[in-house]
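Below, each chain spelled out in residue letters.
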Amino acid sequence: VVVDGEVGPELAPVAGKLTEVFFETYPKVLARFDNPEKPAPRRIVVTFKPGIKVPAYCSGHSITVSTEWLAKHPDDVGLLTHELTHAVQAYPKGEPGWITEGIADYARFKYGPKEQPGWKLPAKLTDKQNYLDSYRTSARFFVWLDDKYPGAVDKIHWKMQSGKYADGDWKAITDRDLDTLW
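Definitions and limits used
- Residues numbered from 1 in each chain as written.
- Predicted model: local features only at pLDDT ≥ 70, side-chain atom pairs only at ≥ 80, totals over all residues.
- Heavy atoms only, no water.
- Core = buried A, V, L, I, M, F, W, Y, C linked by side-chain atoms within 4.5 Å.
- Buried < 20%, exposed > 50% of the residue type's maximum accessible area, 1.4 Å probe, protein only.
- Helix = DSSP H or I, 4+ residues; strand = E, 2+ residues; numbered from the N terminus.
- Contact = heavy atoms within 4.5 Å.
- Salt bridge = Lys/Arg side-chain N within 4 Å of Asp/Glu carboxyl O.
- Phe/Tyr/Trp six-rings, centres within 6.5 Å; stacked < 30°, edge-to-face > 60°.
- 1 Å grid on protein atoms, 1.4 Å probe; cavity = no way out; pocket = protein on both sides within 12 Å on 5 of 7 lines; lining within 4 Å.
- Points joined across faces, edges and corners; volume = space filled by probe spheres on them.
- Nonpolar A, V, L, I, M, F, W, Y, C, P; charged D, E, K, R; others polar.
- Pairing = 2+ DSSP bridges.
- Right-handed = clockwise from strand over helix to strand, strands pointing away.

J.: Just checking my understanding: could you explain the nonpolar core for this structure?
T.: Nonpolar side chains tend toward joint burial in soluble globular proteins. With 48 residues, the main nonpolar core has Tyr 26, Phe 33, Ile 99, Phe 142 and Trp 170 as its most contacted residues. Per element, the largest residue contribution to this core is nine residues, and it comes from helix 1 (residues 12-33). Once residues lying within four places of it in the same chain are set aside, the contact partners of Ile 99 are Gln 89, Phe 142, Ile 156, Met 160, Tyr 165 and Trp 170.

J.: What should I look at first to understand the pattern of salt bridges in this one?
T.: Where side chains of opposite charge bring their charged atoms close, a pairing between them can arise. Here the structure, examined in full by the defined rule, presents six salt bridges. With its nearest N and O atoms 3.5 Å apart, the salt bridge here joins Asp 75 to Lys 17. Note that Asp 75 is positioned in the loop between helix 2 (67-72) and helix 3 (79-89) and Lys 17 in helix 1, a separation of 58 residues in sequence. The class of Asp 75 is partly exposed, set by a relative accessible area of 40%. With a relative accessible area of 33%, Lys 17 lands in the partly exposed category. Its salt-bridge partner being Asp 154, residue Arg 32 comes within 2.7 Å of it at the nearest N-O pair. With Arg 32 in helix 1 and Asp 154 in helix 6 (residues 152-162), this pair connects stretches of sequence that are 122 residues apart. By relative accessible area, which is 15% here, Asp 154 ends up buried.

J.: Teacher, can you tell me more about the packing of aromatic side chains here?
T.: Each aromatic ring pair is summarised here by two numbers: the centre-to-centre distance and the angle between the ring planes. If you walk through the whole model with that rule in mind, you get 14 aromatic pairs. Among the aromatic side chains, those forming a connected cluster through ring pairs are Trp 98, Tyr 131, Phe 141, Phe 142, Trp 144, Tyr 149, Trp 170 and Trp 182.

J.: Where do I start with the layout of surface pockets in this structure?
T.: Where empty space is left can be seen by rolling a probe of water-molecule size over the atoms. Empty space within the largest pocket amounts to approximately 290 Å³. Along its surface, the largest pocket is lined by 16 residues, and Pro 55, His 82, Glu 83, Arg 108 and Tyr 135 are the ones closest to its centre. Counting residues per element, the lining of the largest pocket draws most heavily on helix 3, which supplies four residues. Its residues assigned to classes, the lining of the largest pocket shows eight nonpolar, two polar and six charged.

J.: So what exactly am I meant to see when it comes to the pairing of strand 2 (residues 45-49) here?
T.: Within strand 2, four of the five residues are buried, leaving the element largely enclosed by the surrounding structure. Pairing between strand 1 (residues 2-5) and strand 2: four bridges, direction parallel. Paired with Asp 4 across the strands is Thr 47, a residue of strand 2. The parallel pair strand 1 and strand 2, bridged by helix 1, forms a crossover whose chirality is left-handed.

Following this line, the structure appears as structure tokens:
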């Protein structure tokens with residue numbers, strides 16, 4: 001991991017925590033989701049940058065993190081696990097987005113860091129939520145799916161990674177369509 005960008009003294013401790021998170025979580029994400037035929041990057045550049053409108057984003061082997069976000073949320077180092085998952089996913093189409101973001105938050109939940117103040121999955125899903133909500137809601141669905149149908153999350157991931165995902169895959173993998181699973 002290479003840390004780049006504007007890392008002032010106030011963000012140096014956060015940069016250190018992000019480095020720890022990298023070495024704690026990236027090997028686990030790679031072990032679970034890496035594709036030997038299309039290996040994920042082994043060198044990741046984390047760039048601290050002011051003025052971006054999201055907490056962080058990933059493009060290839062580069063992860064850009066908002067300095068403003070980390071200044072306000074210095075404990076939100078788990079965002080790195082989410083972005084590292086995107087580096088491994090490398091979905092050629094990226095759609096449907098709720099799967100992309102849901103699996104990234106699922107990985108954040110599964111692989112850490114263990115303590116994530118201010119961030120958690122919904123304890124229980126409600127009628128007002130939908131798998132299409134992405135992020136934490138979709139991640140909670142994937143946690144349930146993984147418990148009920150072991151290996152299903154991985155199979156959906158492989159379909160997405162190969163660019164061959166179709167809505168009918170849910171029925172082929174679980175014997176139920178997506179809306180019935182929800």
